[in-house]
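# Reading the structure
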Amino acid sequence: MQDIAEQLLAWHTSGRSFAVATVVGVTGSAPRDPGAALAVDADGEAIGSVSGGCVEGAVYELCRAAIESGEPVLERFGYSDEDAFAVGLTCGGILDVFVQPVRPGADPALDAGIALIADGTPVALARVVAGPAGLLGATVAVTADTHHGLLSPAPSVAAPLERSVVAEARAMLDAGRTGRIVLGLDGRPCDEHGQGTVTLFVESYVPAPRMLVFGAIDFAAAVVRIGKFLGYDVTVCDARPVFATERRFPEADRVVVDWPHRYLDTQLDRLDGRTVLCVLTHDAKFDLPLLERALRLPVGYVGAMGSRRTHREREAGLRAAGLTDAEIGRLRSPIGLDLGARTPEETAVSVAAEIVAHRRGGSCLPLSAGTGPIHHDLAQDPAAAEDTRETSARRSRKPHAA
């Protein structure tokens, strides 16, 4: 939903009612990840996407109905190969889509969450997407030190559940994660949803992940461009002022003139598990003190440019500095995947590919060489997939425009 947040904020500020359809569960191969959203306002304007076209028409109608009724709904879309009039995913996956109507001023917790998003404050919105009818659609907005909203007007009943929701949502916010959690009515975690449980979808709204590019060289300019394309907040740092200029890196969010290790020391409170460090200087006087610090930090990725000989010399220097084999093993060097890249742009593609594969658990093999699922970071549930295929094949809906 973060992709369409700006337009949603505009609708909310103007007092316009709307409905948001959010992908809250994915099984098998599906075009969009959990968190993808489509929204429709009271005038029928639509923004966003939940499936890239497969079920957009049906979801649009669900949003229009939710605006009229004021009631949230959870809908499952699966593959349909028997009924030509059924709405289904041609890729064979399953999407669980939660549709929630939003009327500005009607839900204080949702209003507070939207205001926090507008202010740029990190916040997690936890919404009940399955469970007792009285809780469906209930929202709790959670920040690092407070929360807004109640799951039930009877606090004595909801208190244990609410405490667990706040704790779980805060942990997901800290990690910048979006996903589902299932809790019993007593607040205890459950392995799967069912009678006596509550399923919540937690969306974390956090600043863009950071990419720190060290070394203001021609390859860095290409890495900056692809980093911005991937949605990173990108910083270029180099100790040489003649190279580290905004004119040479116009797409970077900031260009810093400083020794790399010294700049990194000033950023410790702004680094997290999503942070990417690309060390492109391949100069030991810059690299070694930087990598000595970087490989001991809880960042998501550390890659360094250089030949294999340079890498061996780097490893020796890092061991001499006291780093363990496990710490050195976190270093991706030479940086990037083996694509046969030669130009700065091709090299940037190989670096970006390695970052994505590392983050998502990809094998780095051609998709045509395998037979398994193409989305490595999504749980697979063959039984649920088969059940949904049978259910969706029996649907008799009229076709919708995609």
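This is a predicted model, so every value here is computed, not measured.

### Some points on the overall build of the protein chain
Helix and strand content of the protein chain: eleven helices and 16 strands. Within the protein chain, the fraction of its 402 residues that count as buried is 48%. Expressed as a percentage of contacts within the protein chain between residues at least 6 apart in sequence, the contacts between residues at least 24 apart total 61%. Of the roughly 19,500 Å² of accessible surface on the protein chain, 52% is carried by carbon and sulfur atoms.

### Section: the packing of aromatic side chains
One pass over the full model with this rule turns up two aromatic pairs. Residues Trp-11 and Phe-18 carry aromatic rings whose centres are separated by 5.6 Å and whose planes lie at 50° to one another, so their mutual orientation is tilted. An identical accessibility class is assigned to Trp-11 and Phe-18; each is buried. Look at Trp-259 and Phe-286: their rings are 4.9 Å apart centre to centre, the planes differ by 50°, and that puts the pair in the tilted class. Of this pair, Trp-259 sits in the loop between strand 13 (254-257) and helix 6 (260-265) while Phe-286 is found in helix 7 (residues 284-294), placing the two residues 27 residues apart along the sequence. We classify Phe-286 as buried; its relative accessible area is 6%.

### Remarks on the sheet that holds strand 7 (residues 139-142)
As summarised here, the arrangement of the five strands in space is 8-7-6-10-9, forming an open sheet in which the pairing is antiparallel. For this open sheet the edge positions go to strand 8 (147-148) and strand 9 (179-184), each flanked by a neighbour on one side alone. The pairing of strand 6 (residues 123-130) with strand 7 spans four bridges and is classified as antiparallel. The residue of strand 7 that forms the bridge with Arg-127 is Thr-139. Against the sheet, helix 3 (residues 108-119) engages strand 6, strand 7, strand 8 and strand 10 (197-205), with an angle of about 145° to strand 6.

### Side note on the environment of Tyr-263
With respect to the element layout, Tyr-263 can be found in helix 6. The buried category is assigned to Tyr-263, whose relative accessible area is 7%. Distance from Tyr-263 to Leu-290, taken between C-alpha atoms, is 9.2 Å for residues 27 residues apart in sequence. Other than its neighbours up to four places away in sequence, Tyr-263 contacts Arg-210, Phe-214, Thr-235, Cys-237, Arg-254, Val-256 and Asp-258.

### Quick look at a nonpolar patch on the surface
On the surface, Phe-229, Leu-230 and Val-356 cluster together into a nonpolar patch covering about 310 Å² of accessible area. Tracing the chain through its elements places Phe-229 in helix 5 (residues 218-229).

### A short note on helix 1 (residues 5-13)
Taken together, the buried positions of helix 1 are occupied by Ala-5, Leu-8, Leu-9, Trp-11 and His-12. Seen end-on, helix 1 carries its buried residues on one side only, within an arc spanning 160°. Every exposed residue of helix 1 that faces more than 90 degrees away from the buried side is listed here: Glu-6 and Thr-13. The positive-phi residue at the C-terminal boundary of helix 1 is Gly-15, with phi of around 80°.

### Examining the nonpolar core
One finds Met-211, Val-213, Phe-249, Cys-278, Leu-280 and Ile-355 to be the most contacted residues of the largest nonpolar core, which totals 25 residues. At the level of secondary structure, the elements contributing two or more residues to this core comprise strand 11 (210-214), helix 5, strand 12 (233-238), strand 14 (276-279) and helix 10 (344-360). Looking at which element gives the most residues to this core, the answer is helix 5, with five residues. Counting residues in hydrophobic clusters, the runner-up holds 21 residues, among them Val-256, Tyr-263, Leu-264 and Ala-294.

### Considerations on the side chain of Ser-333
Tracing the backbone shows Ser-333 in the loop between strand 16 (331-332) and helix 10. Among the polar contacts made by the side chain of Ser-333, one reaches the side chain of Arg-314 at a distance of 2.9 Å. Apart from residues lying up to four places away in sequence, Ser-333 is in contact with Ala-304, His-311 and Arg-314.

Conventions we followed
- Residues numbered from 1 in each chain as written.
- Predicted model: local features only at pLDDT ≥ 70, side-chain atom pairs only at ≥ 80, totals over all residues.
- Heavy atoms only, no water.
- Helix = DSSP H or I, 4+ residues; strand = E, 2+ residues; numbered from the N terminus.
- Buried < 20%, exposed > 50% of the residue type's maximum accessible area, 1.4 Å probe, protein only.
- Contact = heavy atoms within 4.5 Å.
- Areas by Shrake-Rupley, 256 points an atom, 1.4 Å probe, with all protein chains shown as cover.
- Phe/Tyr/Trp six-rings, centres within 6.5 Å; stacked < 30°, edge-to-face > 60°.
- Pairing = 2+ DSSP bridges.
- Axes fitted to C-alpha atoms, helices over the stretch in contact; angles between N-to-C directions.
- Patch = residues over 30% accessible without salt bridge, like charges linked within 9 Å, V, L, I, M, F, W, Y side chains within 5 Å.
- Salt bridge = Lys/Arg side-chain N within 4 Å of Asp/Glu carboxyl O.
- Arc of directions from axis to C-beta.
- Core = buried A, V, L, I, M, F, W, Y, C linked by side-chain atoms within 4.5 Å.
- Polar contact = N/O pair within 3.5 Å; in protein donor to acceptor, adjacent residues only side chain to side chain.

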